[in-house]
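Overview (structure and organization)
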Amino acid sequence: MLRTYVCLMDTCCLKNCSVHSRDDVIGKVSISKELLTVKPQGVDGWMNLTEIDPDEEVQGEIHLQISVLGDGDIPRKLCCQVLEARDLAKKDRNGASDPFVRVRYNGKTYESAVVKKSCYPRWNESFEFELDETLSDTGLLSVEVWDWDLVSRNDFLGKVLFNINKLQSAQQEEGWFRLGPDKSKHSEYEGTLGSLRLQLRLRDEVVLPSSHYKPLTELLSQSVGSQLNGNWPDFIMLIDETTTAESRQEVANNLVKLFLGQGLVKEFLDVLFKLELEKTTEPNTLFRSNSLASKSMESFLKVAGMQYLHRLLGAIINRIFEEKKYVELDPSKVELKEAGCAGLHRQQTESDIIQQSSSLLQSYLSELLTSILQSASYCPLLICQVFHQLYLRVQERFPDPEYRKVKFIAVTSFLCLRFISPAIMSPKLFHLREKHADARTSRTLLLLAKAVQTIGNMDTLACCSKEPWMVCLQPAIQQGITQLKDFITKLVSCHESEDLELQTRMSLQCGTMEKEGFLFLHRTKDKCMPMTSPFKKYYVTLSKDTLSYSRTQHSKKSSSISLPKIRAVEKVEEKCFGSANVMQIISSEDSGLQETLYLDCKSVNELNHWLSALRKACSHNTNTMSCYHPGIYKADRWSCCHQKEKSDSGCDKTRHGVTLQEWYDPLDPDLEAQLIYQHLRSVQQAMRDKYYMLREQQGVKEADSVRDKKKVDGLSKLFSILQDLHDAHAAVEEEERSKNKNVFLELQT
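Just so it is clear, the structure is predicted and the values come from calculations on it, not from any experiment.

Overview of the overall build of the protein chain
A count of helices and strands for the protein chain gives 21 helices and 27 strands. Counting over 749 residues, the protein chain shows a buried share of 47%. Restricting to contacts in the protein chain with at least 6 residues of sequence separation, those with at least 24 account for 69%. Of the roughly 38200 Å² that the protein chain leaves accessible, carbon and sulfur atoms contribute 49%.

Thoughts on the pairing of strand 8 (residues 108–111)
The pairing of strand 7 (residues 99–105) with strand 8 spans four bridges and is classified as antiparallel. By the bridge assignment, Val-103 is partnered in strand 8 with Tyr-110. Between strand 7 and strand 8, which follow one another and run antiparallel, lie two residues, and Asn-106 among them has a positive phi close to 55°.

Thoughts on the confidence of the model for the protein chain
Across the protein chain, the average pLDDT comes to 82, with 83% of residues at or above 70. Low pLDDT, under 50, characterises residues 228–233; the predicted model gives this stretch 17 contacts beyond four residues in sequence or across chains. Contacts of residues 742–747 to residues separated by more than four positions or lying in other chains number 19 contacts, the stretch itself having pLDDT below 50.

Points about the pattern of salt bridges
Scanning all chains against the criterion turns up 26 salt bridges. Put simply, Glu-61 and Lys-653 hold a salt bridge, and the shortest N to O gap is 3.4 Å. Within this pair, whereas Glu-61 is found in strand 5 (residues 61–69), its partner Lys-653 is found in strand 27 (residues 652–653), the two being separated by 592 residues in sequence. Assessed through its relative accessible area of 34%, Lys-653 is described here as partly exposed.

Re the sheet that holds strand 8
Spatially, the four strands line up as an open sheet ordered 8-7-10-11, and their pairing is antiparallel. With one partner strand each, in any of the chains shown, strand 8 and strand 11 (155–163) form the two edges of the open sheet. Neighbour to neighbour, the strand axes of the sheet diverge by 20° on average, direction disregarded.

Brief notes about the packing of helix 8 (residues 306–323) against helix 10 (residues 350–374)
Packed helix pairs are specified by the crossing angle of their axes together with the interaxial distance, meaning the distance between the axes. Where helix 8 contacts helix 10, the two axes come as close as 8 Å, and the packing angle between them is 165°. By the angle between their axes, helix 8 is roughly antiparallel relative to helix 10. The handedness of the crossing between helix 8 and helix 10 comes out as right-handed. Counting all contacts with helix 8, which are made through Arg-311, Leu-312, Leu-313, Ala-315, Ile-316, Arg-319, Ile-320 and Glu-323, the residues of helix 10 involved are Ser-363, Tyr-364, Glu-367, Leu-368, Ser-371 and Ile-372. Residue composition of the contact of helix 8 with helix 10, by class: eight nonpolar, two polar and four charged.

Observations regarding the environment of Leu-722
Take Leu-722: it is sitting in helix 21 (residues 706–739). Sequence separation between Leu-722 and Tyr-213 is 509 residues; the distance between their C-alpha atoms is 9.6 Å. In contact with Leu-722, other than residues within four places in its own chain, are Tyr-677, Leu-680, Arg-681 and Gln-684.

With respect to the state of the cysteines
Going through the model one piece at a time under the given rule, you end up with zero disulfides. Among the cysteines around Cys-79, which has no disulfide bond, Cys-80 carries the closest sulfur, lying 7.3 Å off. For Cys-79, a relative accessible area of 12% translates into the label buried.

Brief notes about helix 3 (residues 210–225)
In this model helix 3 runs 21 Å from its N-terminal to its C-terminal C-alpha over 16 residues, within 8% of the 22 Å that 1.5 Å per residue would give. The complete set of buried residues in helix 3 reads Tyr-213, Leu-216, Thr-217, Leu-219, Leu-220, Ser-221, Ser-223 and Val-224.

Overview of the packing of aromatic side chains
Going through the model one piece at a time under the given rule, you end up with 17 aromatic pairs. For the pair Tyr-308 and Tyr-378, a centre-to-centre distance of 5.7 Å together with 55° between the ring planes defines the contact as tilted. On the criterion of sequence distance, the pair formed by Tyr-308 in helix 8 and Tyr-378 in the loop between helix 10 and helix 11 (381–397) is long-range, its members being 70 residues apart. In this structure Tyr-308 comes out as buried when scored by relative accessible area, which is 5%. The rings of Tyr-105, Tyr-110, Phe-127 and Phe-129 are connected pair by pair, giving a single aromatic cluster. Directly above the aromatic system of Trp-176 lies the positively charged group of Arg-86, at a separation of 3.7 Å from the ring centroid.

Considerations on the nonpolar core
With 123 residues, the main nonpolar core has Phe-259, Phe-300, Leu-313 and Phe-387 as its most contacted residues. Residue contributions to this core peak at twelve residues, all from helix 12 (residues 406–425). If we ignore the near neighbours within four places in the chain, the residues touching Leu-313 are Leu-368, Ile-420, Ala-423, Ile-424 and Leu-432. By size, the runner-up hydrophobic cluster in this structure holds 35 residues, among which are Tyr-105, Leu-141, Val-145 and Leu-179.

Regarding the sheet that holds strand 20 (residues 559–562)
An order of 20-19-18-17-23-22-21 is seen for the seven strands of this open sheet, with the pairing classed as antiparallel. Whereas interior strands pair on both sides, the edge strands pair on one side only; in this sheet they are strand 20 and strand 21 (566–571). Neighbour-to-neighbour, the strand axes of the sheet open up by a mean angle of 30°, direction not taken into account. Where strand 22 (residues 582–588) lies against strand 23 (residues 594–600), seven bridges are found, and the strand directions are antiparallel. Its bridge partner being in strand 23, Ser-588 is matched across the sheet by Gln-594.

Quick look at the environment of Tyr-677
Along the chain, the position of Tyr-677 falls in helix 19 (residues 669–682). With relative accessibility at 3%, the residue Tyr-677 sits in the buried group. Sequence separation of Tyr-677 and Tyr-213 is 464 residues, and the distance between their C-alpha atoms is 8.7 Å. With residues up to four places along the chain from it excluded, the contact list for Tyr-677 reads Leu-216, Leu-722, Leu-725, His-726 and His-729.

Remarks on the environment of Asn-284
Take Asn-284: it is sitting in the loop between helix 6 (265–279) and helix 7 (292–304). Sequence-wise, Asn-284 and Asn-457 are 173 residues apart; in three dimensions their C-alpha atoms are separated by 9.7 Å.

A short note on a positive patch on the surface
Taken together, the side chains of Lys-116, Lys-117, Arg-637 and Lys-644 define a basic patch exposed on the protein surface. Mapped onto the elements, Lys-117 comes out in the loop between strand 8 and strand 9 (122–130).

Some words on unusual backbone geometry
In this model, Asn-124 sits at a positive phi of 55°, which is unusual for a non-glycine residue. Locating Asn-124 in the fold gives a position in strand 9. Assessed through its relative accessible area of 54%, Asn-124 is described here as exposed. We note that His-431 has phi near 60°; this positive angle belongs to a residue other than glycine. With respect to the secondary-structure elements, His-431 resides in the loop between helix 12 and helix 13 (439–457).

Digging into the side chain of His-642
Its place among the elements puts His-642 in the loop between strand 26 (637–638) and strand 27. Excluding anything up to four places from it in sequence, His-642 contacts Val-115, Lys-116, Lys-117, Ser-118 and Arg-637.

Reading guide: rules and limits
- Residues numbered from 1 in each chain as written.
- Predicted model: local features only at pLDDT ≥ 70, side-chain atom pairs only at ≥ 80, totals over all residues.
- Heavy atoms only, no water.
- Helix = DSSP H or I, 4+ residues; strand = E, 2+ residues; numbered from the N terminus.
- Buried < 20%, exposed > 50% of the residue type's maximum accessible area, 1.4 Å probe, protein only.
- Contact = heavy atoms within 4.5 Å.
- Areas by Shrake-Rupley, 256 points an atom, 1.4 Å probe, with all protein chains shown as cover.
- Pairing = 2+ DSSP bridges.
- pLDDT = per-residue confidence, 0-100.
- Salt bridge = Lys/Arg side-chain N within 4 Å of Asp/Glu carboxyl O.
- Axes fitted to C-alpha atoms, helices over the stretch in contact; angles between N-to-C directions.
- Parallel < 35°, antiparallel > 145°, perpendicular 65-115°, else oblique.
- Left-handed = near helix turned anticlockwise from the far one by under 90°.
- Nonpolar A, V, L, I, M, F, W, Y, C, P; charged D, E, K, R; others polar.
- Disulfide = S-S within 2.5 Å.
- Expected span 1.5 Å × (residues − 1).
- Phe/Tyr/Trp six-rings, centres within 6.5 Å; stacked < 30°, edge-to-face > 60°.
- Lys NZ or Arg CZ within 6 Å of the ring centre and 35° of its normal.
- Core = buried A, V, L, I, M, F, W, Y, C linked by side-chain atoms within 4.5 Å.
- Patch = residues over 30% accessible without salt bridge, like charges linked within 9 Å, V, L, I, M, F, W, Y side chains within 5 Å.
- Lys, Arg positive; Asp, Glu negative; His and termini not counted.
- Charge placed at Lys NZ, Arg CZ, Asp CG, Glu CD.

In structure tokens form, the structure reads like this:
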């Protein structure tokens, strides 16, 4: 099955949040798809906010049929049939619009009927014009959509322009056309509304059927399955040497997910460990750079260890957020007003605050270290195995007694410095909290993270020399270093356990599509929507195979939906329930009847996360819908398009592929292989040059070893596979062009 994967953010609005009234829009930043297309690495920088112009804020599509009638001596006529529109902008307070169409040609204007309270209107009206043969390239047909208002002036909803001269050879064309904005006006506030710093990237990938990626996946699997002998580069080394710093994190993430899917991630990371160790002469710099090995290990821990991290840090992070204590050790940053009074009428001194802060931090650190020590029993087994092989590789590379700490530091450089400490500093980014911490809590988290980093570096003197005010934590840090060494010794020995129950508990749980939480639900089969609010509160659980819900978290499940039966997961119009955060799950029963479950979320973020999670869980469903109704069936008609037939197929496109990227995403081998193919294709020449340069450095002659010949053959095989994939994509693009070839699409000006 051919899939299209698109990730795009093109417009961002900054709002002034208001508790009692509507939010005020301060300004917007718009970035065109064309700009992002020509910059595959994305756009990163400060961008000026611009004023919101209502005539530019358009969305949606209109369905038109345009034909040229008449032949010979009969005067020819231009016929424009306006069929329907979808996803129009909401201009009225009721969450909809009252759209009508205005058609202009050669000085003559027609207007359609007004469809009340609908963003999915259907007109089915035709308008005829006398075709003026004397007009050259200036002969334009304008189709405009407007929101009708009784009192104020009508609101512009978008327009489409067509060159009629180009249409005459086609005679008749029909299609959906995206509505465009009116001419932009110069803003008097340009450059004075402030700026936003944004990181934007467009990813638009066509994923081929699995069989196309099998040769590439097999070749990569062979490259990590065989042991490295000698110093000759293999594919992983060439990828490492030719990947730029800008793309290294993404390439590492894609490789980790691909090898996880193949069951070879341990072998892949082991190859990277060996390559890194071969290049390292100074143990103090081991795995401290942003190499492919470091980035891959970082990605592996996030994919495979996020549930472990949540169990490890959840309690201590929640405690710090809830207590909101003022904590500061640096005398230059102590603020007496922030600390408050120590007792009745007695202001705290600087030393009081530092002493109190030291006690609090030691308490937090002690709780965290206890949690880390206990976590050896539930750390995923695959993570234990990876750390075990890292521990052994470093021990082999630096066997001297003076380097006895290096094998521990190698483990902590990933576990503490690249996983636990960043999660403590930014809990929201690791999904430990829903919101960012305030300034006071952020400072506490930062100080705790510094202490963890010091323990991970296993060097108290270095820290105290740079930040002498941390000296009060030195006894706790020294004790933490001893405890962490014991933990690592235990962790790297876990793979030897024969306790099957323990191994089951520590099994890898990445990619398990699980989500849960309280939501308001309403389920409807073949009945209309009741007048009163139908929603009731349930605890909803999304597991691997089902979506179930119950009255409380631990009570018996009231009902469930089998995921393969879900046909669409889409948003519901705000006007239906008076909420912009309602979604619908459309499923089919064994009897063939269609059933809809409505879920009301607390916020737009929660709505998007549930939409994304459900769409990913149903990504391989076969009986999906291509269109749906964003409204509800009430009073014998659909609220969105006003159609009276309940079985009407729908007035808007479904959006199965619109999802968010999350750490718990299920593995998608085909997508990962496609992304790796794109990267290899971009560095193909660099890989070839690097390979022959390394051969020259080693002084290899053309007639040298059979093994070198195999390397050259392997490289040729890789390039052949990349060419085959390139040809397959070209064939798909050509097929799509011929299938969707429509002269009318070229008529838009």
